[in-house]
Number of protein chains: 2
Amino acid sequence: MDALDRSPESLGVLIKETQSLLNQRMDDRLRPLALSVPQYACLTALQDTPGITSSELARRAFVSRQSMNVLLQGLEKRGLVTRSSDPGPRRERSVVLNDAAELLLERAHEEVSSVVQRMTMEVELVERARLYELLARCRDALLIP
Amino acid sequence: MDALDRSPESLGVLIKETQSLLNQRMDDRLRPLALSVPQYACLTALQDTPGITSSELARRAFVSRQSMNVLLQGLEKRGLVTRSSDPGPRRERSVVLNDAAELLLERAHEEVSSVVQRMTMEVELVERARLYELLARCRDALLIP
DNA sequence: GAGTGTGTGTCAAACTATTGACATGGATGC
DNA sequence: GCATCCATGTCAATAGTTTGACACACACTC
């Protein structure tokens, strides 16, 4: 009955499976909005903390700052974000959302929210919090290099 | 106290964070063995079910069969796997592990196992099973397209 | 003040992965 | 039998990502 007893690593592949499927489902929902998952993550982080720098954005998305840069260029060309051409204290250019992005995010959040809701459909509210707490403990244990 | 109440989507980013960190830590440990995480996953799947086909391997690793093909070519050049040049019933070429791969996997499994062990360090055994069960329910809910 | 270190932005090259397309060999329909 | 459909393997082109490198700006130490 227990896959964990046979091989403890299976929790790792389960995390990978779940993340991969979640990514796939989100991509299905975001494609009609012409948004990729990394783009959505970027815009959301930008909404949470406006004026954030590109490098910090990259760190939160777990990608290199070069990748985040080309991603931002695409968003800038579409008029979703604007980067201050004026250099900051550390040669950094702050990025902010545009009105079009706020509007687009409203729909995107609904789509993503419905996917997450479906994911946790079979998990009661109390257990949902428990799952979050246990998984957060796993993440924190991996934070130190 | 509860991030889930404020935004239910945070479970999604938590899964992403945990998976990304786990991937990073595994990569750190596997690099000395000259193995990438996808390569390790491929070899492990090959160990679990020998003679598997390349396409099936790709499905389990959540990548396209073209990617798995180039990955296999690299492993074949290193003498870790051998693909039967003799075409199977459906024009498929079965892949099997080499002795060198079995030897390499022994060390790799130890490394990965230690990473997973560290990840679940702060979670008691009983709760570990609970976490697995809850997360599996989430994965299953996403299985249907 | 000079030197060192860290963080940011950007360029180029290399690598990895996906998409699209095609031929082949079986299976399944009639 | 024949047509259709599904699955595999492979090729080419494209997109996305990482690695390595450099310049610049600030903070820190001595």
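What counts, and where the lines are drawn
Counting restarts for each chain, with residues numbered from 1 along the sequence as it is written. To label them, take the chains in the order written and letter them from A, then take the ligands in the order written and number them from 1. Only residues with pLDDT of 70 or above have their local features reported here, since the model is predicted, and side-chain atom pairs are shown and tallied only from 80 upward, although totals for entire chains, interfaces and linings are computed over all residues. The side-chain figures draw on all heavy atoms in the structure; neither hydrogens nor water molecules are used. When the copies are superposed, the least-squares fit takes in the C-alpha atoms of residues with a pLDDT of at least 70 in both. In what follows, a contact means two residues having at least one pair of non-hydrogen atoms within 4.5 Å. Helix and strand assignments follow DSSP, with helices taken as H or I runs no shorter than four residues and strands as E runs no shorter than two, numbered in order from the N terminus. Between the first and last residue of a helix there are one fewer steps than residues, each counted as 1.5 Å, and that sum is the expected span. Three labels apply to residues, based on accessible area from a 1.4 Å probe with only protein chains included: buried if under 20% of the type maximum, exposed if over 50%, partly exposed otherwise in between. Directions are taken from the helix axis to each C-beta atom, and the arc is the one they span. Near residues are defined by distance, with any heavy atom within 4 Å of the molecule or strand qualifying the residue. We call two N or O atoms a polar contact when they sit within 3.5 Å, provided that within protein one can donate a hydrogen and the other can accept it, with sequence-adjacent residues counted only if both atoms are side-chain atoms. All amino acids are sorted into three groups, where Ala, Val, Leu, Ile, Met, Phe, Trp, Tyr, Cys and Pro are nonpolar, Asp, Glu, Lys and Arg are charged, and the leftover types, Gly among them, are polar. When a carboxyl oxygen of Asp or Glu lies within 4 Å of a side-chain nitrogen of Lys or Arg, that pair is called a salt bridge.

With an unreviewed UniProt entry as reference, chain A is termed MarR family transcriptional regulator, source organism Micrococcus luteus.

(A) Quick peek at the relation of the copies chain A and chain B. If you rotate chain A by 180° and push it 0.0 Å along the axis, it lands on chain B with an RMSD of 0.1 Å. Each copy turns onto its partner about a two-fold axis. Across chain A, the smallest distance between a C-alpha and the rotation axis is recorded for Leu-131 of chain A, namely 3.0 Å. The share of interface residues of chain A whose copies in chain B are also at the interface is 100%, consistent with both copies meeting through the same surface.

(B) View of helix α5 (residues 65–77) of chain B. Residue and element names in this part refer to chain B. If you check α5, its first and last C-alpha atoms are 18 Å apart, about what 13 residues at 1.5 Å a residue would give, namely 18 Å. Of all the positions in α5, only Met-68, Leu-71, Leu-72 and Leu-75 are classed as buried. Considered in projection along α5, the buried side chains sweep an arc of 100° and stay on one side of the axis. The outward face of α5, more than 90 degrees from its buried face, is lined by the exposed residues Gln-66, Val-70 and Lys-77. Once α5 ends, the next one or two residues include Gly-79, with phi positive near 75°.

(C) The protein's contact with DNA strand C, seen in detail. DNA strand C sits among 19 residues. The nearest are Ser-55, Arg-65 and Arg-93 of chain A together with Gln-66 and Ser-67 of chain B. If you look at DNA strand C and keep only atoms within 4 Å of the protein, 65% of those are sugar or phosphate atoms. Here a base oxygen of DNA strand C sits 2.7 Å away from a polar atom, N or O, in the side chain of Gln-66 of chain B. Sorting the residues of the surface near DNA strand C by element identifies α4 (54–61) and α5 (65–77) of chain A together with α5 of chain B as the ones contributing at least two each. Tallied by class, the residues present in the surface near DNA strand C amount to two nonpolar, eight polar and nine charged.

(D) View of the pattern of salt bridges. Taken as a whole and judged by the stated rule, the model has 25 salt bridges over all chains. Glu-133 of chain A is paired through a salt bridge with Arg-130 of chain A; the nearest N and O atoms lie 4.0 Å apart. You can see Glu-133 of chain A and its partner Arg-130 of chain A sitting in helix α7 (residues 125–143), three residues apart, about one turn around the helix. Classification of Glu-133 of chain A by relative accessible area gives partly exposed; the value is 33%. Overall, the relative accessible area of 32% leaves Arg-130 of chain A in the partly exposed class. Measuring nitrogen to oxygen at the nearest pair gives 2.5 Å for the salt bridge that ties Asp-27 of chain B to Arg-31 of chain B.

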